[in-house]
Amino acid sequence: MSSKQNSYLSAAKLKVICANILSSSFSNRHIAKIARVSPTSVERIRKKIKVLKINDPMTFNHMSPQELYNTLYPLEPRKTVRSDSESKNLPDFNEIVEKIHENKQTIKDSYKDYLYDSQLKQLTPLSLSYYSARVNEIEKKLKESEPEYYYAQSFPYGVYAQLDFSGDKYELLTYNGRVSCWIMAICFPASYYVYAEFVTAQSTAESCRVIGNACRYIENRHPSVLVVDNARCWVNRHNGAEAVINENFAYYIQQLGMCAEACPVRHPQAKSAVESSIGLIERRLEAKRNEFSNNQRTISEHNKVLTGLVNNLINQAPFRKSSDKTREYLFKTHELPLLTVASKYHSIRGQYLHDSSSVLPDTD
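Residues numbered from 1 in each chain as written. Predicted model: local features only at pLDDT ≥ 70, side-chain atom pairs only at ≥ 80, totals over all residues. Heavy atoms only, no water.

## Things to note about the packing of helix H1 (residues 11-23) against helix H3 (residues 39-52)
Packing of H1 against H3 brings their axes to within 10 Å, and their N-to-C directions diverge by 65 degrees. Taken together, the axes of H1 and H3 are roughly perpendicular relative to one another. The way H1 lies across H3 gives a crossing that is right-handed. Residue-level inspection shows Leu-14, Ile-17, Cys-18, Ile-21 and Leu-22 of H1 in contact with H3, the latter providing Val-42, Ile-45, Arg-46 and Ile-49. Grouping the amino acids of the contact of H1 with H3 by side-chain chemistry returns eight nonpolar, no polar and one charged. (Axes fitted to C-alpha atoms, helices over the stretch in contact; angles between N-to-C directions. Helix = DSSP H or I, 4+ residues; strand = E, 2+ residues; numbered from the N terminus. Parallel < 35°, antiparallel > 145°, perpendicular 65-115°, else oblique. Left-handed = near helix turned anticlockwise from the far one by under 90°. Contact = heavy atoms within 4.5 Å. Nonpolar A, V, L, I, M, F, W, Y, C, P; charged D, E, K, R; others polar.)

Structural data, given as structure tokens:
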């Protein structure tokens, strides 16, 4: 195998990928698991096969490794004038940085997509070092000039959610008089999508109620890990570097198929996504306080109004200066499909999660 071929997938993996693409309806992600490669690599091979117009799954099986590489990785003729900028593939690096953030890519994965695009266009690609330098330059500028765009922590889609309470209290007009409430927010740090409800107390029972409602709201799905701070309703104490999770809270989320991860003491930045979201909620709802204090409703009805406002003012609002790639778009496109589907056997004291009429237990 030539040094050029060393940068590509092995012939054995290529044959497995090609066979699955042509003989099954498996998704890129499923084929990637079978071949132990990235979904991006599978998509790249799928596009090559489509261009080649090959439909017989046995075609690639009969090829020698060299024939396979010559078919899937044909060498482009060398450009006669390498310094001519018209012969180079000059991408929009602002668009590339946006795609890297949206798809949670590394620069190397993004560069592989760029190489494939260069091959299709028969243009000379830029070097990886130059490509990386330009991406890092734009990210540095974004971090300095637009702090809301750039977040230092990178989370995978579908794994984490972070919890927090508002510092401000809100007065709700109910049929039993006025009730003072906090807002509890659940933020998915990969997409920055937010779910929020009013709570009458910063307690385990109220936390569990909101978590259960949130799971129902997002189509009976849930993350794997809930990141919490050291509020007593979530964490009893710290034994050195290890947190002792509140037993009732741990039991409840365990029944739903989740676990809790506590932030280190005095390190709230470990859940900076929900901290930022709470700040947004408090700022953007400031002018809406009268909506809750002057309109008589049940707390459940107030929560429906709150959900609508959070969706309208935050989840569906422009995000990172984009009106298209909103928090809701990122959540529904990338995060929601990767969240765990709650099994009907995940129940709390006999009440199934998918049953919207279930009464969640008082675990405080």
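## Some details on the nonpolar core
If you look at the biggest cluster of nonpolar residues, it comprises 29 residues, and the most contacted ones within it are Leu-163, Met-184, Ile-186, Ile-211, Trp-234 and Phe-249. Looking at which element gives the most residues to this core, the answer is helix H9 (residues 204-217), with five residues. Contact partners of Met-184, with chain neighbours within four places excluded, come to Leu-163, Asp-164, Phe-165, Tyr-195, Ala-196, Glu-197, Val-199, Ser-207, Val-210, Ile-211 and Trp-234. Judged by nonpolar contacts, the second largest core, of 26 residues, contains Ile-183, Ala-190, Phe-292 and Ile-314. (Core = buried A, V, L, I, M, F, W, Y, C linked by side-chain atoms within 4.5 Å. Buried < 20%, exposed > 50% of the residue type's maximum accessible area, 1.4 Å probe, protein only.)

## Some details on the confidence of the model for the chain
With 84% of its residues at a pLDDT of 70 or more, the chain shows a mean pLDDT of 83. Highest mean pLDDT in the chain belongs to strand S4 (residues 193-199) (97); lowest belongs to strand S12 (residues 351-352) (44). Confidence drops under pLDDT 50 across residues 347-364; counting only partners more than four residues distant or on other chains, this segment forms 41 contacts. (pLDDT = per-residue confidence, 0-100.)

## Here we look at a nonpolar patch on the surface
On the surface, Val-16, Phe-26 and Ile-34 cluster together to form a nonpolar patch covering roughly 230 Å² of accessible area. Assignment of secondary structure puts Val-16 in helix H1. (Patch = residues over 30% accessible without salt bridge, like charges linked within 9 Å, V, L, I, M, F, W, Y side chains within 5 Å. Areas by Shrake-Rupley, 256 points an atom, 1.4 Å probe, with all protein chains shown as cover. Salt bridge = Lys/Arg side-chain N within 4 Å of Asp/Glu carboxyl O.)

## Some details on the packing of aromatic side chains
A complete count under the given rule lists 13 aromatic pairs for this structure. Ring pairing ties together the aromatic residues Phe-93, Tyr-111, Tyr-114 and Tyr-131, which thus form one cluster. Directly above the ring of Tyr-170 sits Arg-289, whose terminal nitrogen or CZ lies 4.2 Å from the centroid. (Phe/Tyr/Trp six-rings, centres within 6.5 Å; stacked < 30°, edge-to-face > 60°. Lys NZ or Arg CZ within 6 Å of the ring centre and 35° of its normal.)

## Topic: the pairing of strand S6 (residues 225-228)
The two faces of the sheet receive side chains in turn, since in a regular strand these alternate between them. On S6, burial covers both faces: Val-225 and Val-227 on one face and Leu-226 and Val-228 on the other are all buried. Note: S6 against strand S9 (residues 259-262), four bridges, orientation parallel. Across the sheet, residue Val-228 finds its bridge partner in S9, namely Ala-262. (Pairing = 2+ DSSP bridges.)

## So, the environment of Ala-260
Counting through the fold element by element, Ala-260 comes out in strand S9. Sequence-wise, Ala-260 and Val-228 are 32 residues apart; in three dimensions their C-alpha atoms are separated by 7.0 Å.

## Examining helix H7 (residues 107-121)
Between the first and last C-alpha of H7 there are 21 Å, a value that for 15 residues agrees with the 21 Å anticipated at 1.5 Å per step. Of all the residues in H7, the buried ones are Ser-110, Tyr-111, Tyr-114, Tyr-116, Ser-118 and Gln-119. Just beyond H7, the residue with positive phi is Gln-122, at close to 55 degrees. (Expected span 1.5 Å × (residues − 1).)

## Quick look at unusual backbone geometry
Where the residue is not glycine, phi is negative for most of them; where a peptide bond is considered, it is trans in most cases. Located in the positive-phi region is Gln-122, a residue other than glycine, with phi close to 55 degrees. Tracing the backbone through its elements, the reader meets Gln-122 in the loop between H7 and helix H8 (128-145). The backbone of Asn-220 sits at a positive phi, close to 55 degrees, despite the residue not being glycine. Along the polypeptide, Asn-220 turns up in the loop between H9 and strand S5 (221-222).

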